[in-house]
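# Structure assessment
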Amino acid sequence: MTLLDAPAYDARRARRNRNIVITAITTIVAVGLFGVLGFVTGHGWFFRTIPAEHRVNLFFAALQAQDYKKAYTLWTHDPDWEKHPDQYKPYDFNQFYKDWGPSGDYGTIKDHKIVISKAVGNGVVMGVDINGGKTPIFLRVDDQSKQIGFSPVELYVGP
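Quick caveat: nothing in here was measured; it's all calculated off a predicted structure.

## Quick word on the overall build of the protein chain
When helices and strands are counted, the protein chain shows four helices and four strands. Its helices and strands in sequence order give the protein chain the pattern α-α-α-α-β-β-β-β, from N to C terminus. Against the globule reference of 15 Å for 159 residues, the protein chain gives a C-alpha radius of gyration of 25 Å, more extended than a compact globule. Overall size of the protein chain, expressed as C-alpha extent along the three principal axes, is 90 × 45 × 25 Å. Counting every position in the protein chain, which comprises 159 residues, the buried fraction comes to 31%. Taking the intrachain contacts of the protein chain between residues at least 6 apart in sequence as the baseline, contacts between residues at least 24 apart amount to 41%.

Written out as structure tokens, the structure reads:
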């Protein structure tokens, strides 16, 4: 085949190839941008901590509404916890109410703010300021069971 025998120019094929290249480059840039943003904001790759943060926000919304049974349901991730209380003896509803109720360490919870969150191991650890407190409480949401608990890990929040 010589230069004079070259196939005719196919505009449709050229346009399709151009669109494939543009789509591939755009996808690579978008994936890289989401990864960088996730790393910079501390939310991990593709904002992995957002579902756990949403769960903790729902938990605190229930506490603010003083719906302690709903809050305990979110804590245990078990809507039928009242049917089998023996399963939660180490941290039963009475102890939960002592800790989170109006006479608990934080009093009546009026507001909260998640100040930091990070994926650690097989869960998400987050620091939550309660009622404008200076020192956050650290909670952990397990990836598999979706249970909320007190975190043994504390994250550095800064000065």
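## Quick word on the layout of surface pockets
Reported here for the largest pocket is a volume of approximately 170 Å³. Together, 13 residues line the largest pocket, and W75, T76, Q147, I148 and G149 are the ones closest to its centre. Put simply, the parts of the chain that give the lining of the largest pocket at least two residues each are α3 (68-76), β3 (137-142) and β4 (148-150).

## Examining the pairing of strand β2 (residues 123-130)
Among the eight residues in β2, eight count as buried, and that is most of the element. Neither face of β2 is left uncovered, since the one carrying G123, V125, G127 and D129 and the one carrying V124, M126, V128 and I130 both have all their residues buried. Hairpin connection of strand β1 (residues 112-120) to β2: two residues between the antiparallel strands, including G121 at a positive phi of 60°. Note: β2 against β3, six bridges, orientation antiparallel.

## A short note on the environment of G104
Within the secondary structure layout, G104 lies in the loop between α4 (93-100) and β1. Classification of G104 as buried rests on a relative accessible area of 16%. Beyond its immediate stretch of four places on either side in the chain, G104 contacts K98 and D99.

## Re the packing of aromatic side chains
For the structure on display, the rule yields 22 aromatic pairs. Look at F59 and W100: their rings are 5.3 Å apart centre to centre, the planes differ by 90°, and that puts the pair in the edge-to-face class. Pair noted here: F59 is in helix α2 (residues 50-64) and W100 is in helix α4, with a separation of 41 residues, a long-range link. Just as F59 is buried, W100 falls in that class too. Each ring, one from F60 and one from W100, has its centre 5.8 Å from the other, and the planes form 80°; the classification is edge-to-face.

Parameters and conventions
- All residue numbers here refer to positions counted from 1 along the written sequence of the relevant chain.
- Owing to the predicted nature of the model, reporting of local features is limited to residues with pLDDT of at least 70; listing and counting of side-chain atom pairs is limited to 80 or more, with chain, interface and lining totals taken over all residues.
- Side-chain measures were taken over the full set of non-hydrogen atoms in the model, leaving aside hydrogen atoms and water.
- Runs of H or I in DSSP of at least four residues are treated as helices and runs of E of at least two as strands, each being numbered from the N terminus.
- Only the C-alpha atoms count toward the radius of gyration. The rule for a globule is 2.2 Å times the residue count to the power 0.38.
- When accessible area is computed with a 1.4 Å probe and restricted to protein chains, residues below 20% of their type maximum are described as buried, those above 50% as exposed, and intermediate ones as partly exposed.
- In what follows, a contact means two residues having at least one pair of non-hydrogen atoms within 4.5 Å.
- For cavity detection a 1 Å grid was placed over the protein atoms alone, and a set of points counts as a cavity when a 1.4 Å probe fits there but cannot get out; an open set counts as a pocket when protein lies on both sides within 12 Å along at least five of seven lines, with lining residues being those that have an atom within 4 Å of a point.
- Grid points are joined across faces, edges and corners, and a volume is the space filled by probe spheres set on the points.
- Here, a strand pair is defined by DSSP locating no fewer than two bridges between the strands.
- Centres within 6.5 Å are what make two rings of Phe, Tyr or Trp a pair, Trp counting through its six-membered ring; a difference in plane orientation under 30 degrees is then read as stacked, over 60 as edge-to-face, and the rest as tilted.

All quantities given are derived from atomic positions and should not be read as evidence of function.
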